[in-house]
Amino acid sequence: MQLKQTRMSTQLMIRVLLHHGWLSLRRAHYFGRSMGIKLLMFFAGLIFIWYLYMVGMMLPGVLQSVFPWKPPHEAFFSLLVYIYIADLAMRLLVQKVPRQLVRAYLPLPVSRKTLASYILIRSWFSLFNFYLFALLVPLFIRTLLLPFSATAFWSALLGCFLMGGVNHALVMWIKTWPSGKIVTIAAAILIATAGVLGGVVYPGQFMDFSASIGDGFIASDPVVFMLPLMAIAMLQWISKKGLLISFYDWGGAFSSTGPAGSTRLEKRFAKVPVHGPFWELEWKLITRNRRTSAGVRQWPLVIIGVPAILYFAPGESIAQYMVMMVMIAGGYGFYHLQYSFSWESRFFDMIASRNIDVYTFILSKYYFYCLLGLLQVIPMLALLALARPEMVFPMAGMYFYVTGPVFAFLLNTGVGNSTRIDPNKKASFNLEGTSGTLFLTIFATMFSIIFLMTIAYFLPLPIETGMSLLTGLTGLVFIMLHRQWIQATAAKFNRKKYHNLNKYREKQ
């Protein structure tokens, strides 16, 4: 009788969790946004899916040209392990555990095992487990379904889903285990080691091993399917055990656990004349909060990853990389300055009501992100000199372009950002602070490079040389005139600060 009551209560609890999950989705803040933002979000998602679909359609031809001695499906299977190593690295950075769905239930007398099972089951409905199908379906239709059979097509899709499932189970284990940071570091080291071994030391053996996995999928080899299934089951069981231990660790603050006092670097910042106190505060903002610190921690991977991508990427023209270079050449500042002055929204009452020299405040902020970007781009240029020497000067020119006109544009338009931001909220897929105006601002920023590319096309110089000169010279002009446009930005800030203060107070 008691067992029957326990089962009934568990069933009732699962129904309540599902109902509350639906209410959480339906009442989410992004559904309350304006129709314009919803359309922009839908359009951005559609572009991403369409891009993957088109890559899947074109990939057979690309693979045939790169690996002419192999059929396209075998060439793709040779890269399968590399693809899912990259997928695992991305998941470690941005995939989250749906922990917020159960935090409210922890003080209640409910079954912790049911909560742990619910989290693990709910996590499988993540977009990370399905996004690659936009690429795989058109690819396998052209390379397996039409030339071979439907069985090969569905077997390959199932095998790829299981490989992604192993990645998913690994990430859930890493991010739910009590000693998650140690496991994350170990996983990052393993991924880097696998990348070095597979990309530099033993690429032939890795590709052969990867191809054998793909061949096992299309041959419906039960061993190839059973191994990932067993790995998923084991990892899920371990994750459930870890969840039962680490549940109450989730009740704490999400902020970075930095020391209350100043670190050595912050003390050195404070000693810099004029700009030091502002630099110290800026460093604390981006390192002691969850959302802002995530980007800082990810940038070492960008420094290594971008030269690696350019090394293995086909093509000789730099035109296809220019938009990406706009995003990364200026370092972390490109991301942070998109939300200029909204990061300080929690302190805006103090900024608006104190006699703070706004010109020095903005000037210090500009110098800080220029220096941070320089420290980030120097090792990237050193790696590019080894991987793609022809990209060194374009990347260097792009650094001046981003820290010049792009930073000037972001700081000037940021004066109009009146959205209150909590820098301690989640770091990835966070739409807080995003507006239609900001979306158009970033769109214009990223594609402003097209104007310079058009001019460079008509110059009597190679496109690489022309773009390097145009971006570098344009950036240097803005950098030399930075005091003038920062003075104009400060005047604009002073005119609008009380209007913004009222907006920030409305959103408290």
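Residues numbered from 1 in each chain as written. Predicted model: local features only at pLDDT ≥ 70, side-chain atom pairs only at ≥ 80, totals over all residues. Heavy atoms only, no water.

Considerations on the confidence of the model for the protein
Residues with a pLDDT of 70 or more make up 82% of the protein, whose mean pLDDT is 80. At the level of individual helices and strands, the protein shows its lowest average pLDDT in helix α1 (residues 2-26), which scores 63, and its highest in helix α18 (residues 392-414), which scores 93. This model gives residues 1-8 a pLDDT under 50, and the stretch forms zero contacts once residues within four places in sequence are excluded. When the criterion is pLDDT under 50, residues 251-260 qualifies, and its contacts beyond four places in sequence or with other chains add up to 15 contacts. (pLDDT = per-residue confidence, 0-100. Helix = DSSP H or I, 4+ residues; strand = E, 2+ residues; numbered from the N terminus. Contact = heavy atoms within 4.5 Å.)

Comments concerning the pattern of salt bridges
All chains considered together, the criterion is met by six salt bridges. With a shortest N-O distance of 3.1 Å, K365 and E282 are connected by a salt bridge. One end of the pair, K365, is in helix α17 (residues 358-387); the other, E282, is in helix α12 (residues 276-287), with 83 residues separating them in the sequence. Judged by relative accessible area, K365 falls into the buried class, the value being 3%. Residue E344 pairs with K365 through a salt bridge whose shortest N-O separation is 2.7 Å. Remark: K365 occurs in helix α17 and E344 occurs in the loop between α15 (332-336) and α16 (348-353); sequence separation between them is 21 residues. (Salt bridge = Lys/Arg side-chain N within 4 Å of Asp/Glu carboxyl O. Buried < 20%, exposed > 50% of the residue type's maximum accessible area, 1.4 Å probe, protein only.)

Things to note about a positive patch on the surface
A surface patch of like charges, here positive, comprises R264, K267, R268 and K271. Here K271 shows up in helix α11 (residues 264-271). According to the relative accessible area criterion, K271 is exposed, its value standing at 70%. (Patch = residues over 30% accessible without salt bridge, like charges linked within 9 Å, V, L, I, M, F, W, Y side chains within 5 Å. Areas by Shrake-Rupley, 256 points an atom, 1.4 Å probe, with all protein chains shown as cover. Lys, Arg positive; Asp, Glu negative; His and termini not counted. Charge placed at Lys NZ, Arg CZ, Asp CG, Glu CD.)

Let's talk about the nonpolar core
If you look at the biggest cluster of nonpolar residues, it comprises 69 residues, and the most contacted ones within it are I362, M395, M398 and I449. At 15 residues, the largest contribution of residues to this core is made by α17. Once you skip the residues sitting within four places of it in the chain, I449 turns out to touch M322, V326, M398, Y401, M467 and T471. Counting residues in hydrophobic clusters, the runner-up holds 34 residues, among them L52, F67, A134 and L162. (Core = buried A, V, L, I, M, F, W, Y, C linked by side-chain atoms within 4.5 Å.)

Details of the side chain of T176
As for its placement among the helices and strands, T176 is situated in helix α7 (residues 150-176). A polar atom in the side chain of T176 sits 2.5 Å from the backbone oxygen of M172. (Polar contact = N/O pair within 3.5 Å; in protein donor to acceptor, adjacent residues only side chain to side chain.)

Describing helix α20 (residues 449-458)
Since the α-helix packs 3.6 residues into each turn, any two residues three or four apart lie on the same face. Residues of α20 that are buried include every one of I449, L452, M453 and A456, and no others. One side of α20 holds all its buried residues, which, seen down the axis, span an arc of 105 degrees. Looking at α20, the residues exposed on the side facing more than 90 degrees away from the buried face are F451, Y457 and F458. (Arc of directions from axis to C-beta.)

What to know about empty space enclosed by the protein
Per the counting criterion, the structure on display carries one cavity of 30 Å³ or more. Here the largest cavity defines a volume of roughly 100 Å³. As for the largest cavity, its lining consists of 14 residues, and the residues nearest its centre are Y84, F128, N129, L132 and G164. Sorting the residues of the lining of the largest cavity by element identifies α4 (80-94), α6 (133-145) and α7 as the ones contributing at least two each. Per-element accounting of the lining of the largest cavity gives the leading share, four residues, to α7. For the lining of the largest cavity, the residue count by class is nine nonpolar, three polar and two charged. (1 Å grid on protein atoms, 1.4 Å probe; cavity = no way out; pocket = protein on both sides within 12 Å on 5 of 7 lines; lining within 4 Å. Points joined across faces, edges and corners; volume = space filled by probe spheres on them. Nonpolar A, V, L, I, M, F, W, Y, C, P; charged D, E, K, R; others polar.)

Overview of the packing of aromatic side chains
According to the stated counting rule, one finds 26 aromatic pairs in the structure shown. Taken together, a centroid distance of 6.2 Å and an interplanar angle of 70 degrees make the contact between Y335 and Y339 edge-to-face. Accessibility expressed as a relative area gives 26% for Y335, which makes it partly exposed. With a relative accessible area of 7%, Y339 lands in the buried category. Among the aromatic residues, ring-to-ring pairing joins F269, W279, W283, F368 and Y369 into one connected group. We note R291 situated over the ring of Y339; from NZ or CZ to the ring centre the distance is 5.1 Å. (Phe/Tyr/Trp six-rings, centres within 6.5 Å; stacked < 30°, edge-to-face > 60°. Lys NZ or Arg CZ within 6 Å of the ring centre and 35° of its normal.)

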